[in-house]
Amino acid sequence: QVQLVESGGGLVQAGGSLRLSCAASGRTFSTANMGWFRQAPGKEREFVAALRWRITSTYYADYADFVKGRFTISRHNAKNTVYLQMNSLKPEDTAVYYCAARTQYSSSYSSISDYDYWGQGTQVTVSS
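Rules used in this analysis
- Residues numbered from 1 in each chain as written.
- Predicted model: local features only at pLDDT ≥ 70, side-chain atom pairs only at ≥ 80, totals over all residues.
- Heavy atoms only, no water.
- Helix = DSSP H or I, 4+ residues; strand = E, 2+ residues; numbered from the N terminus.
- Contact = heavy atoms within 4.5 Å.
- Areas by Shrake-Rupley, 256 points an atom, 1.4 Å probe, with all protein chains shown as cover.
- Pairing = 2+ DSSP bridges.
- Axes fitted to C-alpha atoms, helices over the stretch in contact; angles between N-to-C directions.
- Core = buried A, V, L, I, M, F, W, Y, C linked by side-chain atoms within 4.5 Å.
- Buried < 20%, exposed > 50% of the residue type's maximum accessible area, 1.4 Å probe, protein only.
- Phe/Tyr/Trp six-rings, centres within 6.5 Å; stacked < 30°, edge-to-face > 60°.
- Lys NZ or Arg CZ within 6 Å of the ring centre and 35° of its normal.
- Disulfide = S-S within 2.5 Å.

(A) Quick look at the overall build of the protein. Across its full length, the protein holds zero helices and eleven strands. If one aligns the C-alpha atoms of the protein with their principal axes, the spans along those axes are about 40 × 25 × 25 Å. When contacts within the protein are restricted to residue pairs at least 6 apart in sequence, those whose partners lie at least 24 apart make up 58%. Carbon and sulfur atoms make up 46% of the accessible area of the protein, which totals about 6,600 Å².

Here it is in C-alpha cells:
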C-alpha cells in the first residue's frame, strides 16, 4: 500500500502564496503518477495538477486551466514528496486539497478514477 499525507494548508490573503506537500510512504518504488485535486463545499472534487514520470529523469506536468501560470507541481525524489506551489491565490481557490497517487505510469491523470491512493486532505482558505 501507499500512504499519502498532505501538509502546508492554511489561511492566506488573496494574492499570497502557499506550498502544499504530499509525503508518500509504503510501497512507493513504482509510483509513477501523482496529482492534486481540490473540493470546495457543495462542489465536486476537481483536478488541479499532476506529475508523471516513466523514469527518474523524465517528468511530465499538467495543470487545470484555472491554475496555469499560478501553480507549480514538483517532486523531491530523495524525500519521496510532491509539492504544489500556489502563487497569486484567489478566494475561489479555497477548498480542501487532496494528494493522489497511482503506482504504475498512466497517460491519464485528470480523473479521480486515474488514482489508487488518496491523502486525507488539507484545508486552503484564501480571504479577500
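(B) Summary view of the pairing of strand 3 (residues 18-26). Both strand 1 (residues 2-7) and strand 3 contribute to a ladder of six bridges, which runs antiparallel. Residue pairing in the sheet places Val-5 in a bridge with Ala-23 of strand 3. For strand 3 and strand 8 (residues 81-86), the ladder comprises six bridges, and the chain directions are antiparallel. Its bridge partner being in strand 8, Ser-21 is matched across the sheet by Tyr-83.

(C) Main features of the sheet that holds strand 1. Reading across from one edge, 1-3-8-7 is the order of the four strands in this open sheet, with antiparallel pairing throughout. Whereas interior strands pair on both sides, the edge strands pair on one side only; in this sheet they are strand 1 and strand 7 (71-76). Ignoring strand direction, the axes of neighbouring strands in this sheet form an average angle of 20 degrees.

(D) Geometry of the nonpolar core. Met-34, Trp-36, Leu-84, Met-86 and Tyr-97 are the most contacted members of the largest nonpolar core, which totals 33 residues. Looking at this core, the elements with two or more residues in it are strand 1, strand 3, strand 4 (33-39), strand 5 (46-53), strand 7, strand 8, strand 9 (95-102) and strand 11 (122-127).

(E) Expanded view of the packing of aromatic side chains. A full pass over the atoms with the stated rule returns six aromatic pairs. Between Phe-47 and Tyr-109, the ring centres sit 5.5 Å apart and the planes meet at 50 degrees, which makes this aromatic pair tilted. Taken together, the residues Phe-47 in strand 5 and Tyr-109 in the loop between strand 9 and strand 10 (117-118) connect sequence positions 62 residues apart. Grouping aromatic residues by their ring pairs yields a cluster made of Phe-37, Phe-47, Tyr-109, Tyr-115 and Trp-118. Sitting above the plane of the Trp-118 ring, Arg-45 keeps its charged end 5.0 Å from the centroid. If you follow Arg-75 out to its NZ or CZ, it ends over the ring of Trp-53, 3.9 Å from the centre.

(F) Representation of the state of the cysteines. Within this structure, the stated rule accounts for one disulfide. Between Cys-22 and Cys-99 runs a disulfide, and the two sulfur atoms are separated by 2.0 Å. One quick way to see it: the torsion about the S-S bond of Cys-22 and Cys-99 is about -80 degrees, and its sign makes the bridge left-handed. Here the residue Cys-22 occupies a position in strand 3, and Cys-99 occupies one in strand 9, the gap between them amounting to 77 residues. Grouping residues by exposure puts Cys-22 and Cys-99 together as buried.

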